[in-house]
Amino acid sequence: MPILSRFPLLALSVLATAVGCSDGSPADPPAEDSGAMDTGALPDTGESDTPTDTGAPADTSVEDTPTDAGKGTDLGFRPKPDGFGFENYGTGAPVTNLTAADMKRLFGGAACVSPTAATCVLTPPAAEWMDRQNAGMGGGHCEGMAALSLLFYTGKQSVTDFGSVTATHDLSLSGNEKLQREIAYWFVTQATEPTAGGEIRTLTPVEVVDKLQEGLAKGAPETFTMGIYQRGPKAGHAITPYKVDLTASPIKVFVYDNNFPGEERVLEVDKDKNTWRYFASTSPSVPGSEYEGDATTKTLTLTPTSNRLKPQDCPFCGEVKADGSVKGSTFSYRQITLNGKANLLVSDDATGKKLGFQAGALVSEIAGARYVTPKSKDLWNDDQEPMYLLPFGTDLTVTLDGSLLGSVESSTVTMVAPGVIFEVDEVMLDAGQKDTIKLSKDNLRMVYKTVAKESPVLYAGVTVDGDADWFFAIKGYGETAGQEISLQFDLVKKRLVIKLLGADVSADFDIIAVRSDDTGSQTFTHSGNGAKPTDTMYLDYGAWSGDGTPMKLEIDTNGDGTPDMSVDLTDT
């Protein structure tokens, strides 16, 4: 079959994780960020992205009980009128999430092929990163709703910029693209620095209460959103705390839960036992389950608002030079994400240390590496994989592990680094199947190996210093005994090095290449290519003359490093 129906959209948005959130029933949709960067309306670029213990939930709604000094703190926020009047929403809501204009606002012109152009066409890594984030919002927008409602209340954003109303509760989501994009904008800050790294994950429940009160006093310089997680940590959800009653036993923390519009709800902290509990549900009509933790679990967290208002570090920005070094980036991590129900385990090839899930448990052994636990799709019913951040300088082996799967599941693994993206898409992973992906320390080579009959699509994109940006899709057709596919950028000779190793005499594959520069984008497509196990192929993209013209493929048939033949592939 042809590669990827979504490929014609690549000129605007390359692909579609990282972090999700517990969603309620589809109601009204979210929008674009202002605050620290640009508080004006976003330009219209023409781009849009549409996006268990059960039982009756306990009644956690409460009456307003003001607190006095020494007895607690009260920010003055209330779910009605200060919270949104619609429920948290996910895949079922017809909304627009992040667009290229939002990405430019978030990260500046470095996210665009032409930084100064009036309309931003995203670089390949930027487009991939955006689409991963938008995909993560399919499970809900709790982080964006929790953060933005607080920004409205504290006056760092204006409600009237998003509708002819004065109260957050009266804003409509349906048909309000600006608000839709604004919620998406603040949602995504949970995956950027310094917001993600600033989430306070080290406190006991009692210490969380103490810290929270610093942000609840009127006129306090800092405010907080709250993260609640199941033990692991996993299955996170974002809520907005606004009042603490220290006279109650256990202590009551009043919160706006965006799954329950207009309701005051209570999270309890037992001071003597140093534990916490909260009864959560994805919506008022759905049975819920209890979230809880103690002094050791670190499953109750706070995220300072001030970190969201600072310029956010760009994980993909930068231009790769011919020698593999990166210009214009200070970000020192590779981000690895999984979209699917399998597990990932990342191994540092130099030390053997690991990060990820092994035998169902999260391990974190790699020096300098860390993970970001997502605000998940369906609370306790969902176990979304964390986003992993790995330092540069070593080769990595990523195991896509289906050991805990009960049936065949689709999986997508993405690696984003400054100026570079690699992705393995459409892996139909069987229960018990384990595939591997190797990533080179210079971030310019990926090797995917499967033992099953897979026909995945491999993506590779690069933002090049002083030259056009390139994005490639290679679809290899599965062989019964498995297959290994290698992609590597040769930036000096402007070639993509391709190698397919399978059990059959020859392997079939299709190619799509997209070149983007200040003048626009051009696409090359060729299907029905074949390769022998001994072939190393060099796609000479640097010499391509543009739409409708052939692209040269040189082939080294004996592995001596010198091409033995060349073929002009027609642009079909």
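That block above? That's the structure.
Residues numbered from 1 in each chain as written. Predicted model: local features only at pLDDT ≥ 70, side-chain atom pairs only at ≥ 80, totals over all residues. Heavy atoms only, no water.

Peer 1: How should I be thinking about the overall build of the protein chain in this particular structure?
Peer 2: Looking only at helices and strands, one finds 8 helices and 30 strands in the protein chain. Going through the 572 residues of the protein chain one by one, you find that 58% of them count as buried. Surface accessibility of the protein chain: about 21000 Å² in total, with carbon and sulfur atoms responsible for 49%. (Helix = DSSP H or I, 4+ residues; strand = E, 2+ residues; numbered from the N terminus. Buried < 20%, exposed > 50% of the residue type's maximum accessible area, 1.4 Å probe, protein only. Areas by Shrake-Rupley, 256 points an atom, 1.4 Å probe, with all protein chains shown as cover.)

Peer 1: Before we go on, may I ask you to explain the sheet that holds strand E13 (residues 354–358) in this structure?
Peer 2: The strands making up a sheet associate through hydrogen bonds between their backbones, and the pairing can be parallel or antiparallel. Read across the open sheet, the 11 strands follow the order E14-E13-E12-E17-E20-E21-E24-E25-E28-E29-E30; overall the sheet is antiparallel. At either margin of the open sheet sits one strand with a lone partner, and together these are strand E14 (361–364) and strand E30 (565–569). Strand-to-strand, the axes of this sheet are offset by a mean angle of 20°, without reference to chain direction. Here 6 bridges tie strand E12 (residues 343–348) to strand E17 (residues 396–401), and the two strands are oriented antiparallel to one another. Among the inter-strand pairings, aspartate 348 is bridged to a residue of E17, identified as leucine 396. (Pairing = 2+ DSSP bridges. Axes fitted to C-alpha atoms, helices over the stretch in contact; angles between N-to-C directions.)

Peer 1: So what exactly am I meant to see when it comes to the sheet that holds strand E18 (residues 409–417) here?
Peer 2: Across the sheet, 9 strands lie side by side as E15-E16-E11-E18-E19-E22-E23-E26-E27; this open sheet has antiparallel pairing. The sheet is open, and its two borders are formed by strand E15 (370–372) and strand E27 (520–531), each paired with just one other strand. Direction aside, neighbouring strands of the sheet carry axes that sit 15° apart on average. With 5 bridges joining them, strand E11 (residues 333–339) and E18 adopt antiparallel strand pairing.

Peer 1: Looking at this structure, how should I read the packing of helix H2 (residues 100–107) against helix H5 (residues 177–188)?
Peer 2: Packed helix pairs are specified by the crossing angle of their axes together with the interaxial distance, meaning the distance between the axes. For the pair H2 and H5, the least separation of the axes is 11 Å and the interaxial angle reads 45°. With respect to H5, the element H2 is oriented oblique. Judged by the twist between their axes, the crossing of H2 over H5 is right-handed. Here H2 contributes Ala101, Asp102, Arg105 and Leu106 to the contact with H5, which in turn contributes Arg181, Glu182, Tyr185 and Val188. Looking at the contact of H2 with H5 residue by residue, the class counts come to 4 nonpolar, no polar and 4 charged. (Parallel < 35°, antiparallel > 145°, perpendicular 65-115°, else oblique. Left-handed = near helix turned anticlockwise from the far one by under 90°. Contact = heavy atoms within 4.5 Å. Nonpolar A, V, L, I, M, F, W, Y, C, P; charged D, E, K, R; others polar.)

Peer 1: Is there a simple way to think about helix H3 (residues 124–136) in this case?
Peer 2: Its 13 residues give H3 an end-to-end C-alpha distance of 19 Å, which sits within 8% of 18 Å, the value for a rise of 1.5 Å per residue. Within H3, the full set of buried residues consists of Pro124, Pro125, Ala126, Ala127, Glu128, Trp129, Met130, Asp131, Arg132, Gln133, Asn134 and Gly136. (Expected span 1.5 Å × (residues − 1).)

Peer 1: Even after reading the chapter, I still don't get the nonpolar core, so can you show me in this structure?
Peer 2: Among soluble globular proteins, nonpolar side chains are generally buried collectively. In this structure, Phe84, Met226, Leu267 and Phe316 are the most contacted members of the largest nonpolar core, which totals 78 residues. Sorting elements by how many residues they give to this core places H5 first, with 7 residues. Discounting residues that sit within four places of it in the chain, phenylalanine 316 has contacts with Met103, Phe107, Ala111, Pro125, Ala126, Trp129, Val416, Ala417, Pro418 and Gly419. Judged by nonpolar contacts, the second largest core, of 58 residues, contains Leu344, Val398, Ile498 and Leu553. (Core = buried A, V, L, I, M, F, W, Y, C linked by side-chain atoms within 4.5 Å.)

Peer 1: What is the right way to look at the packing of helix H4 (residues 142–153) against H5 in this model?
Peer 2: Interaxial distance between H4 and H5 falls to 7 Å at its minimum, and their mutual angle equals 105°. On the basis of the axis angle, H4 is roughly perpendicular to H5. Contacts between H4 and H5 pair Glu143, Gly144, Met145, Ala147, Leu148 and Leu151 from the former with Leu179, Glu182, Ile183, Trp186 and Phe187 from the latter. Taken together, the residues of the contact of H4 with H5 break down into 8 nonpolar, 1 polar and 2 charged.

Peer 1: Looking at this model, I keep getting lost on the environment of glycine 393. Mind explaining?
Peer 2: Secondary-structure assignment places glycine 393 in the loop between strand E16 (387–391) and E17. Once you skip the residues sitting within four places of it in the chain, glycine 393 turns out to touch Arg334 and Lys441.

Peer 1: Just checking my understanding: could you explain the state of the cysteines for this structure?
Peer 2: Where two cysteines share a covalent bond between their sulfur atoms, that bond is called a disulfide. Inspection of the entire model under this criterion finds 2 disulfides. Each sulfur in the disulfide pair cysteine 112 and cysteine 120 lies 2.1 Å from the other. Negative torsions about the S-S bond denote left-handed disulfides, and the value of about -105° found for cysteine 112 with cysteine 120 makes this one left-handed. Comparing cysteine 112 with cysteine 120, the two get one shared label, buried. (Disulfide = S-S within 2.5 Å.)

Peer 1: Is there a simple way to think about unusual backbone geometry in this case?
Peer 2: Leaving glycine aside, a negative phi is the common case for residues, and trans is the common case for peptide bonds. The amide bond that connects glutamate 193 to the next residue, proline 194, takes the cis arrangement and shows omega of 15°. Topologically, proline 194 is positioned in the loop between H5 and helix H6 (195–198). Between serine 249 and proline 250 the backbone carries a cis peptide bond, its omega angle lying at 5°. A positive phi angle, near 65°, is found at glutamate 426, a position not held by glycine.

Peer 1: Please clarify how the packing of aromatic side chains should be interpreted in this entry.
Peer 2: Given two aromatic rings, their pairing is described by the distance between the two centres and the angle made by the two planes. Tallied over the full model, the rule gives 21 aromatic pairs. For the pair phenylalanine 84 and phenylalanine 86, a centre-to-centre distance of 5.1 Å together with 35° between the ring planes defines the contact as tilted. The two residues phenylalanine 84 and phenylalanine 86 agree in class, both being buried. Pairing tryptophan 129 with phenylalanine 316 gives two aromatic rings, centres 5.7 Å apart and planes at 50°, and the pair type is tilted. Taken together, the residues tryptophan 129 in helix H3 and phenylalanine 316 in the loop between helix H8 (305–308) and strand E9 (319–320) connect sequence positions 187 residues apart. The exposure classification of tryptophan 129 matches that of phenylalanine 316, with both residues buried. What links up through ring pairs into an aromatic cluster is the set Phe422, Trp470, Phe472, Phe489, Phe524, Tyr541 and Trp544. Residue placement shows arginine 105 over the ring face of tyrosine 185; its charged tip is 4.6 Å from the ring centre. (Phe/Tyr/Trp six-rings, centres within 6.5 Å; stacked < 30°, edge-to-face > 60°. Lys NZ or Arg CZ within 6 Å of the ring centre and 35° of its normal.)

Peer 1: Explain H5 to me, please; I cannot follow it from the model alone.
Peer 2: Note that an α-helix has 3.6 residues per turn; residues three or four places apart therefore point the same way. With 12 residues, H5 extends 17 Å between its outermost C-alpha atoms, agreeing within 8% with the 16 Å of an ideal straight helix rising 1.5 Å per residue. Taken across its 12 residues, H5 has 10 buried, putting it largely inside the fold. If you follow the buried residues of H5, they end up packed against H2, H3, H4 and H8.

Peer 1: Honestly, the side chain of threonine 195 in this entry has me stumped. Any pointers?
Peer 2: Within the fold, threonine 195 resides in helix H6. In this view, threonine 195 contacts Thr189, Thr303, Asn307, Arg308 and Gln312; residues no more than four positions away in its chain are not counted.

Peer 1: Explain the pattern of salt bridges to me, please; I cannot follow it from the model alone.
Peer 2: Oppositely charged side chains can pair when the atoms bearing their charge come close. Counting across every chain of the model gives 21 salt bridges. With a shortest N-O distance of 2.5 Å, glutamate 290 and arginine 277 are connected by a salt bridge. Here glutamate 290 is found in strand E7 (residues 289–293), whereas its partner arginine 277 is found in strand E6 (residues 275–280), with 13 residues between them in sequence. Arginine 277 gets classed as partly exposed once you look at its relative accessible area, which sits at 35%. In this structure, the salt-bridge partner of aspartate 465 is lysine 327, at a minimum N-O distance of 3.4 Å. Within this pair, whereas aspartate 465 is found in the loop between strand E22 (457–462) and strand E23 (469–476), its partner lysine 327 is found in strand E10 (residues 326–327), the two being separated by 138 residues in sequence. (Salt bridge = Lys/Arg side-chain N within 4 Å of Asp/Glu carboxyl O.)

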